[in-house]
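Summary of structural features
One letter stands for each residue in the lines below.
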Amino acid sequence: MNSDICRKKIALFGATGSIGRNTLDVIRRFPDRFELFAVSCHSNTAALEAIIDEFRPKYAVITGEGSLKRTDINVLRGKEGLEEVAAHHEADIVLIATLGTVGIFPTLAGLRACKRIALANKETLVAFGSVVVKELENSRGELIPVDSEHSALFQLLLSWKDDAETLILTASGGPLRKLSREEMERVKLADVLRHPTWNMGRKITVDSATLMNKGLEVIEAHWLFRFPPDRIEVVIHPQSIIHGLLRLRDGALVAHMSTPDMKVPIQYALTYPERLPSEVRSPDLPDLAALTFEPPDFDRFPLLKLAYEAINRRKGYPAVMNAANDVAVRAFLDGKIGFLDIEKTVFAVVNEFRGTDEDLDALIEADLWARKRAGEVVDSLV
Ligand SMILES: NC(=O)c1ccc[n+]([C@@H]2O[C@H](COP(=O)([O-])OP(=O)(O)OC[C@H]3O[C@@H](n4cnc5c(N)ncnc54)[C@H](OP(=O)(O)O)[C@@H]3O)[C@@H](O)[C@H]2O)c1
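Residues numbered from 1 in each chain as written. Predicted model: local features only at pLDDT ≥ 70, side-chain atom pairs only at ≥ 80, totals over all residues. Heavy atoms only, no water.

The next subject is the side chain of Ser 151. Relative to the assigned elements, Ser 151 resides in helix 7 (residues 148–160). Of the residues examined, Ser 151 reaches a relative accessible area of 2% and is grouped as buried. Leave out the neighbours within four places in its chain, and Ser 151 touches Pro 145, Val 146, Pro 265 and Tyr 268. (Helix = DSSP H or I, 4+ residues; strand = E, 2+ residues; numbered from the N terminus. Buried < 20%, exposed > 50% of the residue type's maximum accessible area, 1.4 Å probe, protein only. Contact = heavy atoms within 4.5 Å.)

Structure (structure tokens):
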């Protein structure tokens, strides 16, 4: 068998990030199965050069500032570069692990070109879910979730779609799970970045602390699986062993468990419907004796409640909430505002918004408006 013919060519956007590095580990493990065809970074070109040295992809896309020293690779820029690579006839799988909403452009371009999109970038579905779903309906491409909870639900739904009444997403509860609102007021960036179970990028780690990450995931699940928000539950499960559950109509509850390591869902998104051996061991049964569950506290974590409201309101509210959160989290990471100023900023912007159409241009406009307004709110808080 000629392995070059069988190897899947992967375009990996956000290659220098946390998901990107985990994906490279999976590709390293299966050199006969996968080949890195293209990579992207935003501005960390030094890390991108190291990846190119090792994997020799054909294309590199830089979405921000900076350039590569080498000349032995095709370099493209910006969202147009992502689109060109995503639609390239040689690419088989496009794994999107960029930050922010730029992921919508390669997602649409890849679906139009009938590719498998392995989507880690949840902000794309949160802001543009209706647009992606419409594109998917007319496409022979496919959308496979990489987020661990959605990968778990995707796998469970393969067996129980017709009998599933409710989806349950688990949340670790993040690093501030037990803090009062007064304690949250004084919390430091280092405390927020100390996630108890997952090792992730800084933005999503802050989102885990506010539970906005789970709110974004409720919206992501709504669009991926077409369940209404009142049939999507969240449960706090600090050990992060169970990632998703289904309540079935006959009273059964089925769960998906794995060790909290993103290589598991990444590998599945690349190999689906096949399963290959993994370097990650499944959990040991004695560890399951200590699993705990509690309902989320919507009063201490109001952004989770806001996410449910946003998806019920639709009309661009999820896009605006997500964009305002993006700006506020960045300001928190830069030390400009305090932890609770994140939610203050998001609420201020969402409360001002009056709704829009759900087509791509209108949603992009709403996203841009929310980023500008959030920047102004942040400045007023500094
Ligand atoms: N980390 C996880 O375990 C996890 C789990 C589930 C879902 N996700 C989702 O996956 C996505 C990536 O998360 P991450 O934790 O891997 O983030 P990360 O570690 O911060 O990496 C982000 C990647 O995107 C690039 N990037 C940053 N800003 C960008 C922009 N404006 N346009 C295009 N690319 C940009 C970065 O390039 P530079 O290095 O050059 O800045 C880097 O390659 C997010 O949407 C997140 O919600 C992550």
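In this section: the packing of helix 2 (residues 18–29) against helix 3 (residues 45–55). Remark: helix 2 packs on helix 3, axes separated minimally by 13 Å, with the N-to-C direction vectors making an angle of 10°. Taken together, helix 2 and helix 3 sit at an angle that is classed as roughly parallel. Across the interface between the two elements, Leu 24, Ile 27 and Arg 28 from helix 2 touch Ile 51, Glu 54 and Phe 55 from helix 3. Its residues placed into classes, the contact of helix 2 with helix 3 shows 4 nonpolar, no polar and 2 charged. (Axes fitted to C-alpha atoms, helices over the stretch in contact; angles between N-to-C directions. Parallel < 35°, antiparallel > 145°, perpendicular 65-115°, else oblique. Nonpolar A, V, L, I, M, F, W, Y, C, P; charged D, E, K, R; others polar.)

Looking now at a negative patch on the surface. A contiguous patch of negative charge on the surface is contributed by Asp 357, Asp 359, Asp 361 and Glu 365. Mapped onto the secondary structure, Asp 357 falls in the loop between helix 16 (339–352) and helix 17 (360–381). A relative accessible area of 52% places Asp 357 in the exposed class. (Patch = residues over 30% accessible without salt bridge, like charges linked within 9 Å, V, L, I, M, F, W, Y side chains within 5 Å. Areas by Shrake-Rupley, 256 points an atom, 1.4 Å probe, with all protein chains shown as cover. Salt bridge = Lys/Arg side-chain N within 4 Å of Asp/Glu carboxyl O. Lys, Arg positive; Asp, Glu negative; His and termini not counted. Charge placed at Lys NZ, Arg CZ, Asp CG, Glu CD.)

Around the ligand sit 24 residues in total, of which Thr 16, Ser 43, Asn 44, Glu 123 and Asp 147 are the nearest. Between the ligand and Ser 18 there is a distance of 2.9 Å, counted from an oxygen atom to a backbone nitrogen or oxygen. Calculation on the ligand without its partners gives an accessible area of 890 Å², and the protein chains cover 86% of this total. At the level of secondary structure, the elements contributing two or more residues to the shell around the ligand comprise helix 2 and helix 6 (122–137). Among the residues making up the shell around the ligand, the classes are represented as 10 nonpolar, 11 polar and 3 charged. A domain-level breakdown of the shell around the ligand finds at least three residues from each of domain 1 (3–145) and domain 2 (148–306). (Near = heavy atom within 4 Å. Polar contact = N/O pair within 3.5 Å; in protein donor to acceptor, adjacent residues only side chain to side chain. Domains from an automatic or database assignment.)

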